Structures are given as C-alpha cells and as structure tokens.
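# Observations on the three-dimensional arrangement
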Amino acid sequence: MTATARVTNWIDAVVFDLGRQMRWTFLPPLMVYFAAGFSGLTMIVGTFFVKEYLDLSAAYLAGLAFWAGLPWALKMPLGHLVDIIWRWKWLLVYFGAGLVGLSVFIMYLVLTQTEMMTAIMPMSAWYITSYLLAPCGLVVQDAVADAMSVEAVPRLDAEGHEIGLEQSRAMHTTMQTLGRFALILGTVVVAAINITLFSGIEAMDAAAKRDVYATIYLCALAIPVVSVSGVVLAGIQKIRLRRGMIRRGLDPAEADALFERPDEDTTPNPWYFIGGAGFVAISLTVGLSDIPYGQEIIFVGSMAIVLLLMRQLIAVLEPAQARTLVGTALVIFIFRAVPRPGDGYTWFTIDVLGFDQQFQSILSLITSVLTLVGMVVLRPLMANRPIVYIVVLLTLASGILSLPNIGLYYGIQDITAPLTGGVADARFIAIIDTAIESPLGQIAMIPMLAWIARNAPNDLKATFFAVMASFTNLALSASSLLTKYLNEVFVVTRKVTDPETGEVTTPADYSELGMLLIVVTVLTVGLPLLTVMIVQRTRLRTRE
C-alpha cells in the first residue's frame, strides 16, 4: 500500500467514518450539549467583571467555584427521576433553561440597571447569585441530555432487525464523542463572538467596556433557546417516526413499544432521593450556619452519600463489571481532582503580560478548535486503548505543558524574544502552549461515558450516567478545595482600587505565584500516576 493510500485510509477511518455514523436522531441531545458549551460565553467577561468591579480574593473565588460545583452532585436523584418520568423528561429541560436564562438576565440588569439592582442587594451578591444559578440549570439539562444520548442510538436497523453488539458499541462511542464535540463546538462559537465583541476594547473607556459586557450577557440569553429547541426537535422526530411505523403496518401500540420503553419501566429507588435530600440538607445547614470548615464538611458528606448510592447501583452489575467501573471511576476522579493555579495566574497574564480581553478570547478559540480536531484525530486511540493508558498519557502531557506557564512567570519570553527577533514573545508562547494542550482536557471522560452507555441496564441508563457523573464531578469540588488551600498558602493578589476615590485598597503581589505553579504541576503529575499504579495492582485493575 502506498503512502498516499495509507493517508487516505487513515483520513477515511478517522474523519469521514465519524460522519457516516452520524444519525439524524443524534441531533436533539447534541443541541443540548451545544447549549452547555455555549454557556461559556460569559466566562471571560465574568473574569474581567470581577477584576474591575468586585473586591474578591483568589481564595474566595476558588471557594465560590466549590459551591458552584455542588449542584452537579444532584445529578444522582435527577438522573433517577429522568428514568422514572422517561416520557416527560423534556419538562426538566424547560426548567433548567429557565434557571440559566435567569442567571444571565441578572448580570445583564446589573450592568444596565446598576442603581436599581444595587438598591436591592450589593453588586457582589448579585454576581454570586447569578454564578450559582447557572450550574443549577445546566445540571438539570445535562441529566436529560445524557438520557437523550442513549435514546438517540437506534436499537433497530432500517429493516426492523435488532442492531448487533459491535455496531451498537461503535454508535454509542460515536454518540458520546459527538456529545463532547457539540460541547466544544459551543465554546468555538463563544470564542468567535468574544473576539468580535472585544475588538478594540483596549482603547475603550469604562462606560464603553460596560456596554460590551452587557451585550455579551444579552447574547447569552440564546443558551436556553438552543437547549429548548433540541427538545422540540426530539418531539418532532418521534412524531414522524411513529407515523412512519404506522404507515408500514404497525398498530399505534406496537409503534409506541419500539421507543417508549414499556418493557423497561424503572422501579423507583427511594435511596437516590433520600441521598439527594440529605445532600441538600447538609449543604443548606452548613452553608447558612457559617460553621468552620463548612466546605470540607459538605464535601465529605456529599462523598459519603455518593459512595452509598454507587454501592446500590453497582449491585446490579456482574462482579467483574462492578470492579472495572469502580477502578475506572477512581482513576478518573483523581485525574480530575488535581488542583489548579486559580485566578491568580489569569490576573498575572492580564496585569503583567498584558493579555487583554480579545487575546484571552483568541486563546479560547484556539483551545476550542484544536480540541475538536484532537477529539476526531484521537478517536481511534479512545476506542482501542484502555482508559488508564489514556489517563497516564494525558497526565504526562499536562505536566509537560504546564512548563511554559512557569516559564512565562519567570520571564522566559525575555530570553526567547530577542533570540527570535521578537517572534517568540509571551503571546507566542501562550498560543503554542494552548494549541498543544487544547485537545487533552475533554478526552478522558469519553471512554467512560461510552462504557456506561454500553453496559448499564436499559432501565437505569440515566441513573448510571448521573451517579458516575456526580462522583467524577465531586472531583472538581475536591480540585476547588485544593486550589483554595494552595491559594491560602501561596497568596496572590491583584491591584484593587476604590471606584469612587481611586485609592488602591489592595496592592498587586505576584511574588508567590511561581512556587504555586510549581507545586500545582508536581501534584498534577504525581497524584494520577500514583493512583493508576495502586489501582492496577489490585482487583480493581481495569483493561477497558
């Protein structure tokens, strides 16, 4: 076989085959996933809003991220509820869309009707309210989208015959890959909008910047519209499919039986709702009482509840499958639980390196586009390699790719720029690092999601997705806690000025950021590799 033929075959297997496996029924859940990615439209503007209008520390923001991550633990009862009310699950998307829309509209009013809003609550209180409402709406929609992604994979071919195991496995993997693809595609659109709206913002005064921020929040009101449109499309598809079956000779009852799961009714398990109620009770009690170490208490309580429900869930699996799932979940948990530098590094890139809003948007666009490319190119790796292999590969890559960030802090650009005629400056290094790192973050979850879609019992698909997502999303809460601890040890502050007097209330201090970046890198590499080594030497080892 010639080199040209090998390249052609590779492109066909990696790129065009993904298109061939696409189904019209995949589109509704992909629209909901796209809306989740599109919700990142307010991320950059939110960062600059906090920096310019609010006096919140890096440690406080890391703690706020912990609270924002907690709603994802409620995917357990939500997923089980979706299984129980399968025919009416679309109502939850409307509810979630309402919460997301309210979150965005609050910030739009804060920027355009500031006096009215601050007369009710301080600006920081409105920001925190909006910040916490958004994940509540997104988690509701995500629980339904996971169920829709399973439902979207057909069980019968065009001739009415049951689809084989291997073909079903390939389609489930494709569906989960396309789900991540749609999510990242949403961030591509976000980055393109941000680049356009932030154009020339460095020359704008405060009032003009405020108008741009408000416009971005107004555009973000499209998020709930897209997700609701996906549900409407799913309903239209079902109606057309049902009519086609009836025209081919099936009676209405038989047609309903093919996609309404009459043989897979879910028996309600009260433990999922008891666990969810316990989680809410712990969160509200501790959160409102200002108990010391409240976040830690909530995290431990939430983890105990999730582990209890996981034990209930894996009891329906074969022992070998249960051990594989536990080992895989543990490895991915630690991989996602490693700490991040926090907002201090972002402030450093803005204040010291001069990365403005538009350049931050360009980095975001590069990240999103190359993530899409990486997910397509690396799809064979995800399909053919064990999950632990992928996690080890991603861990080593993350460690290596954190080195340019450390280098930028210590001024490597001052060495590379003169040697390259000004080409390899701070922005060039940031772009190259972002370009290489982009595809890595979304890859680890795809094989696990495909495994659940293939192996979970038919009447508990959404529940399996929800419980395992709750467990792995608690890893992000653990990451937020570790990030907060490190930011309390290595204190990083930005310059904060009083908007009325212009007096500097908090001076900028990035002297400890370098050591923070080094410690984060060591933990990012060390913790996942140690976990893989331990798991693979026990009965929990996985070859999936």
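Report on the accompanying structure. (Residues numbered from 1 in each chain as written. Predicted model: local features only at pLDDT ≥ 70, side-chain atom pairs only at ≥ 80, totals over all residues. Heavy atoms only, no water.)

Another aspect to go through is the pattern of salt bridges. All told, the structure shown has two salt bridges when counted by the stated rule. A salt bridge links Asp351 to Lys51; its shortest N-O distance comes to 2.9 Å. One end of the pair, Asp351, is in helix α16 (residues 343-351); the other, Lys51, is in helix α3 (residues 43-53), and 300 residues separate them in sequence. Taking the shortest distance from any N to any O, the salt bridge between Lys484 and Glu296 comes out at 3.7 Å. Taken as a pair, Lys484 in helix α24 (residues 461-489) and Glu296 in helix α14 (residues 294-314) lie far apart in primary sequence, 188 residues in all. In terms of burial, Lys484 and Glu296 fall into one category: buried. (Salt bridge = Lys/Arg side-chain N within 4 Å of Asp/Glu carboxyl O. Helix = DSSP H or I, 4+ residues; strand = E, 2+ residues; numbered from the N terminus. Buried < 20%, exposed > 50% of the residue type's maximum accessible area, 1.4 Å probe, protein only.)

A few words on the packing of aromatic side chains. Tallied over the entire structure, the rule returns 10 aromatic pairs. Ring plane angle 85° and centroid distance 4.9 Å describe the contact between Tyr409 and Tyr410, whose orientation is recorded as edge-to-face. Judged by its relative accessible area of 52%, Tyr410 is exposed. Aromatic ring contacts, followed pair by pair, group Tyr345, Phe348, Tyr409, Tyr410 and Tyr510 into a single cluster. (Phe/Tyr/Trp six-rings, centres within 6.5 Å; stacked < 30°, edge-to-face > 60°.)

Attention now goes to a nonpolar patch on the surface. Together, Trp88, Trp90, Leu91, Tyr94, Val232 and Ile236 make up an exposed nonpolar region whose accessible area comes to about 580 Å². Of all the secondary-structure elements, those providing two or more residues to the nonpolar patch are α6 (90-112) and α11 (222-247). By residue number, the principal contributor to the nonpolar patch is α6, which donates three residues. The topology assignment puts Leu91 in helix α6. (Patch = residues over 30% accessible without salt bridge, like charges linked within 9 Å, V, L, I, M, F, W, Y side chains within 5 Å. Areas by Shrake-Rupley, 256 points an atom, 1.4 Å probe, with all protein chains shown as cover.)

With that settled, the discussion passes to the nonpolar core. Counting residues in each nonpolar core, the largest one holds 85 residues, and the members touching the most others are Phe49, Tyr127, Phe198 and Leu513. By residue number, the principal contributor to this core is helix α8 (residues 123-152), which donates 14 residues. In this structure, Met303, Leu313, Ala322 and Leu474 belong to the second largest nonpolar core, which totals 28 residues. (Core = buried A, V, L, I, M, F, W, Y, C linked by side-chain atoms within 4.5 Å.)

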